[in-house]
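Structural overview for review
Chain by chain, the residues:
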Amino acid sequence: MIAALVIDVADWRAVGTAAVSIRDAVFVSEQGVPAELEHDGRDLDCRHVLVRTREGVPIATGRLLPDGHIGRVAVLPAWRGQGVGRDVMLALIGEASRRGHAEVLLNSQASAVPFYLGLGFSVYGAPFVEAGIPHQAMRFSLVRRSPTLNQSII
Ligand code: COA
């Protein structure tokens, strides 16, 4: 993690404007995802991670849906490759754990699969295409099993 960054986990009312600016830049402008697909109306139900610089400039985001799905993970191009995406994911996984989820799930763009594998996610199911982009379903278990008692501990 870059020491000077500020990472918030918050509701849409608090961080929505900043999150939209990042998501529009990355998904709509950079990747060509139609704006009507990107703005799916589910954000009010989600918890959101927003990463800002020390000066308050928004640079990365991601969301956790009530069903344990993670999505909309995006880092502005100038900030990639410095551990910011990992920070977003760790904050989302931590929030999912606090909320009692047994696992988190996501639909990864094919190009991002190695990023999620590096965080401990595993693939499941067949690849598919969404918004014209190849995707792969992935999951990460939040349940630890005791080697002696074989009990599940969240
Ligand atoms: N392919 C392979 N490895 C990748 C990778 C990729 N596309 N993206 C990141 N990694 C690796 C990094 O090299 C790093 O490895 P290390 O731990 O060995 O150093 C590790 O994953 C963590 O990378 P990090 O710097 O935290 O990632 P990032 O800040 O660049 O964010 C994305 C990664 C995918 C979120 C970012 O590239 C992005 O916003 N892409 C555009 C939007 C997108 O595709 N989102 C995902 C939708 S499913």
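Structure's up top.
The notes below deal with the structure included here.

Conventions used here
- Residues numbered from 1 in each chain as written.
- Predicted model: local features only at pLDDT ≥ 70, side-chain atom pairs only at ≥ 80, totals over all residues.
- Heavy atoms only, no water.
- Salt bridge = Lys/Arg side-chain N within 4 Å of Asp/Glu carboxyl O.
- Helix = DSSP H or I, 4+ residues; strand = E, 2+ residues; numbered from the N terminus.
- Phe/Tyr/Trp six-rings, centres within 6.5 Å; stacked < 30°, edge-to-face > 60°.
- Buried < 20%, exposed > 50% of the residue type's maximum accessible area, 1.4 Å probe, protein only.
- Contact = heavy atoms within 4.5 Å.
- Near = heavy atom within 4 Å.
- Polar contact = N/O pair within 3.5 Å; in protein donor to acceptor, adjacent residues only side chain to side chain.
- Areas by Shrake-Rupley, 256 points an atom, 1.4 Å probe, with all protein chains shown as cover.
- Nonpolar A, V, L, I, M, F, W, Y, C, P; charged D, E, K, R; others polar.
- Pairing = 2+ DSSP bridges.
- Axes fitted to C-alpha atoms, helices over the stretch in contact; angles between N-to-C directions.

Here we take up the pattern of salt bridges. A full pass over the atoms with the stated rule returns 14 salt bridges. Among the salt bridges present, the one from Arg72 reaches Asp40, with a minimum N-O distance of 3.4 Å. Here Arg72 is found in strand β4 (residues 70-75), whereas its partner Asp40 is found in the loop between α2 (35-38) and β2 (47-52), with 32 residues between them in sequence. It is possible to trace a salt-bridge network through shared partners that takes in Arg23, Glu38, Asp40, Asp43, Arg63 and Arg72.

Inspection of the entire model under this criterion finds three aromatic pairs. Ring geometry for Tyr116 and Phe121: centres 5.8 Å apart, planes at 65°, overall edge-to-face. Overall, the relative accessible area of 3% leaves Phe121 in the buried class. Site record: aromatic cluster; members linked through ring pairs are Phe115, Tyr116, Phe121 and Phe140.

This paragraph deals with unusual backbone geometry. One non-glycine residue, Arg72, lies in the positive phi region at around 55°. Phi is positive for Ala131, close to 50°, though the residue is something other than glycine. As for its placement among the helices and strands, Ala131 is situated in the loop between β7 (128-130) and β8 (133-141). Ala131 gets classed as partly exposed once you look at its relative accessible area, which sits at 35%.

Looking at where Val33 falls in the secondary structure, it is placed in the loop between α1 (12-30) and α2. Along the chain, Val33 and Ile133 lie 100 residues apart, while their C-alpha atoms are 8.7 Å from each other. Setting aside residues no more than four positions away along its own chain, Val33 makes contact with Phe27, Val28, Glu38, Ala131 and Ile133.

Next up on the list: the site of the ligand. Contacts to the ligand come from 20 residues, most closely from Val73, Val75, Gly83, Gly85 and Arg86. One nitrogen or oxygen atom from the side chain of Gln31 is found 3.4 Å from an oxygen atom belonging to the ligand. Residue Gly83 places a main-chain N or O atom 2.8 Å away from an oxygen atom belonging to the ligand. For the ligand, whose accessible area on its own is 910 Å², the fraction buried by protein is 66%. Broken down by secondary-structure element, the contributors of at least two residues to the shell around the ligand are α1, β4, α3 (84-98), β5 (103-109) and α4 (113-118). Grouping the constituent residues of the shell around the ligand by class yields nine nonpolar, nine polar and two charged.

With that out of the way, let us pick up the sheet that holds β4. Here four strands make up an open sheet; going across it, the order is β1-β2-β3-β4 and the pairing antiparallel. Every other strand in the sheet has two partners, leaving β1 (6-10) and β4 as the edge strands with one partner each. Within this sheet the neighbouring strands show an average axis-to-axis angle of 15°, counted without direction. Pairing of strand β3 (residues 58-64) with β4, which is carried by four bridges, proceeds in the antiparallel orientation.

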